[in-house]
Amino acid sequence: MNELRDIPRVLVVEDDAALSEVVCTFLGDEGYACVPAFSGTEALLAAERAGEKGAPFDLVILDLMLPGVPGEELIGRLRAAGVDAPVIVTSAKGALADRVGVLRLGASDYLVKPFDLEELLARVEVQLRGRETPAAPAALRFGRWELDPAARSFAVDGAPVRLTRTEFDILAALMREPSRVFTKQALFELVRHEEALADERTISTHVSNLRAKLRASGTDDYLQTVWGIGFKLRAQA
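Here the residue numbering is sequential within each chain, running from 1 through the sequence in written order. pLDDT decides what is reported in this predicted model: residues at 70 or higher carry local features, side-chain atom pairs at 80 or more are listed and counted, and totals for whole chains, interfaces and linings draw on all residues regardless. Only hydrogens and water are set aside; all other atoms, that is, all heavy atoms of the structure, feed into the side-chain values.

S.K.: Break down the overall build of the chain for me, with residues and values.
M.R.: Each helix and strand counted, the chain has 8 helices and 12 strands in total. Note on exposure labels: buried denotes an accessible area under 20% of the residue type's maximum, exposed denotes more than 50%, and partly exposed covers the range between, all computed with a 1.4 Å probe on protein chains only. By the burial criterion, 40% of the 237 residues in the chain qualify as buried. For the chain, long-range pairs separated by at least 24 residues make up 58% of all intrachain contacts whose partners lie at least 6 apart in sequence. Surface accessibility follows the Shrake-Rupley procedure with a 1.4 Å probe radius. Residue values consider only the protein chains on display as shielding. Of the roughly 12,900 Å² that the chain leaves accessible, carbon and sulfur atoms contribute 52%. Here a strand is any run of E in DSSP of at least two residues, a helix any run of H or I of at least four, and the numbering for each starts at the N terminus. Every residue pair with non-hydrogen atoms within 4.5 Å of one another is taken to be in contact.

S.K.: I'd like to hear about unusual backbone geometry, residue by residue, with values.
M.R.: For the peptide bond that leads from Lys113 to Pro114, omega is -10°, which places it in the cis range. Mapped onto the secondary structure, Pro114 falls in the loop between β5 (109-112) and α5 (117-129).

S.K.: Please set out the packing of aromatic side chains residue by residue, giving values where relevant.
M.R.: Any two rings among Phe, Tyr and Trp, with Trp reduced to its six-membered ring, count as a pair given centres within 6.5 Å; such a pair is stacked if its planes are under 30 degrees apart, edge-to-face if over 60, and tilted if neither. For the coordinates displayed, the defined rule picks out 4 aromatic pairs. Taken together, a centroid distance of 5.6 Å and an interplanar angle of 80° make the contact between Phe142 and Tyr222 edge-to-face. Here Phe142 is found in strand β6 (residues 140-142), whereas its partner Tyr222 is found in the loop between α8 (202-214) and β11 (223-226), with 80 residues between them in sequence. For Tyr222, a relative accessible area of 4% corresponds to the buried category. Relative to Phe154, the ring of Trp145 lies with its centre 5.7 Å away and its plane at 75°, an arrangement referred to as edge-to-face. Both residues of the pair, Trp145 and Phe154, belong to the buried class. Members of the aromatic cluster, connected to one another through ring pairs, are Phe142, Trp145, Phe154 and Tyr222. Any Lys NZ or Arg CZ found within 6 Å of a ring centre and within 35 degrees of that ring's normal is scored as a charge over the ring. In this arrangement the basic side chain of Arg180 is found over the ring face of Phe182, its NZ or CZ atom lying 4.0 Å from the centre.

S.K.: Requested: an account of a negative patch on the surface, with residues and values cited.
M.R.: Grouping into patches uses exposed residues only, defined as over 30% relative accessible area, and leaves out salt-bridged ones; the cut-off is 9 Å for like charges and 5 Å for nonpolar side chains (Val, Leu, Ile, Met, Phe, Trp, Tyr). Here, a salt bridge means any side-chain nitrogen of Lys or Arg that lies within 4 Å of a carboxyl oxygen of Asp or Glu. Only four residue types enter the charge count: Lys and Arg as positive, Asp and Glu as negative, with His and the chain ends excluded. Charge positions come from single atoms, namely NZ of Lys, CZ of Arg, CG of Asp or CD of Glu. On the surface, Asp29, Glu30, Asp116, Glu118 and Glu125 cluster together into a patch of negative charge. If you trace the backbone, Asp29 turns up in helix α1 (residues 17-29). Accessibility expressed as a relative area gives 66% for Asp29, which makes it exposed.

S.K.: Requested: an account of the sheet that holds strand β2 (residues 33-37), with residues and values cited.
M.R.: Should DSSP find at least two bridges between two strands, the strands are regarded as paired. Here 5 strands make up an open sheet; going across it, the order is β2-β1-β3-β4-β5 and the pairing parallel. Lying at the two open borders of the sheet, with one neighbouring strand each, are β2 and β5. Within the sheet, the average angular offset between the axes of one strand and its neighbour, ignoring direction, is 20°. Relative to β2, strand β1 (residues 9-13) runs parallel, the two being bridged by 5 bridges. Its bridge partner being in β2, Val13 is matched across the sheet by Ala37. Here an axis means a line fitted to C-alpha atoms, over the contact stretch when the element is a helix, while the angle between two N-to-C directions is reported on a 0 to 180 degree scale.

S.K.: Describe in detail the sheet that holds strand β7 (residues 145-148), supporting the description with residues and values.
M.R.: If you trace the 4 strands from one edge of the open sheet to the other, you get β6-β7-β8-β9, paired in antiparallel fashion. Looking at the sheet topology across the chains shown, the edges are occupied by β6 and β9 (159-160). With 3 bridges connecting them, β6 and β7 associate as antiparallel partners. Within β7, the position partnered with Leu140 by the bridge is Leu147.

S.K.: Go over the pattern of salt bridges, please, and point to the residues and values.
M.R.: Scanning all chains against the criterion turns up 13 salt bridges. When the shortest N-O distance is used, the salt bridge between Arg215 and Asp220 registers 3.9 Å. Asp220 sits in the buried class, given a relative accessible area of 19%. Here Arg234 ties to Asp221 by a salt bridge, and the two come within 2.5 Å at their closest N and O atoms. Taken as a pair, Arg234 in the segment after β12 (230-233) and Asp221 in the loop between α8 and β11 lie far apart in primary sequence, 13 residues in all. Note on Arg234: relative accessible area 25%, which makes it partly exposed. You can call Asp221 partly exposed: its relative accessible area is 35%. Residues participating in the shared-partner salt-bridge network are Glu14, Asp63 and Lys113.

S.K.: Hey, could you go over the nonpolar core for me, with residue numbers and the actual values?
M.R.: Formed by 26 residues in total, the largest nonpolar core has its most connected members in Trp145, Phe154, Met175 and Leu223. Listed by contribution, the elements that provide at least two residues to this core are β6, β7, β8 (153-156), α6 (165-176), α7 (184-191), α8 and β12. Take this core: its biggest share by element is 7 residues, from α6. Excluding residues that lie within four positions of it along the chain, Phe154 makes contacts with Trp145, Glu146, Leu147, Ala159, Pro160, Val161, Leu163, Leu171, Met175 and Leu214. Definition of nonpolar core: a set of buried residues of the types Ala, Val, Leu, Ile, Met, Phe, Trp, Tyr and Cys, connected through side-chain atoms within 4.5 Å.

In structure tokens:
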């Protein structure tokens, strides 16, 4: 990984030099790399340079009352310049119309001045947490089966088997907890994204269809019915 990307980079656009220093120092102590900009023009230049270096900003803290380019306009210009980082607006304007208007322009959050630094930190953490890329789920294996949640693919001995969305999700649930007995209701709650699923009784139909597709490979008996309860995977596959 590029070392410049290991530390979250924050562009602090604030024309009040004292407040800018306080915010940058506080966030710096919390492990963030802050770059101050005291006008809209400086902010655009800083964003451009950061992009050229391959270290774009992860977050922008933006005051609205800026010399030159006002904050409301700057949001759009930053987006046009390719900055897709979340923008937390800080402003003394606390009216609902001001807050809603800025959010509709593309801001991610709005903090009314004066604000507590701990609250600012919490909002920064929330915005950056939402941009974390989750690790791809690991492939699941059971006997001769292999299921890839990320690719939504399923294979037996390496040969692909086409499954419906609901069949795939039922199999994924069972393979994640192979020793668990799933009630029909539990499976229904996990896969009820399909409107065709009227109630948990339809789960039996989907399991039956799964068995039919697995019969050619001789692995249909991996799916076990626990009478009066639901389904599980065979103890030894």
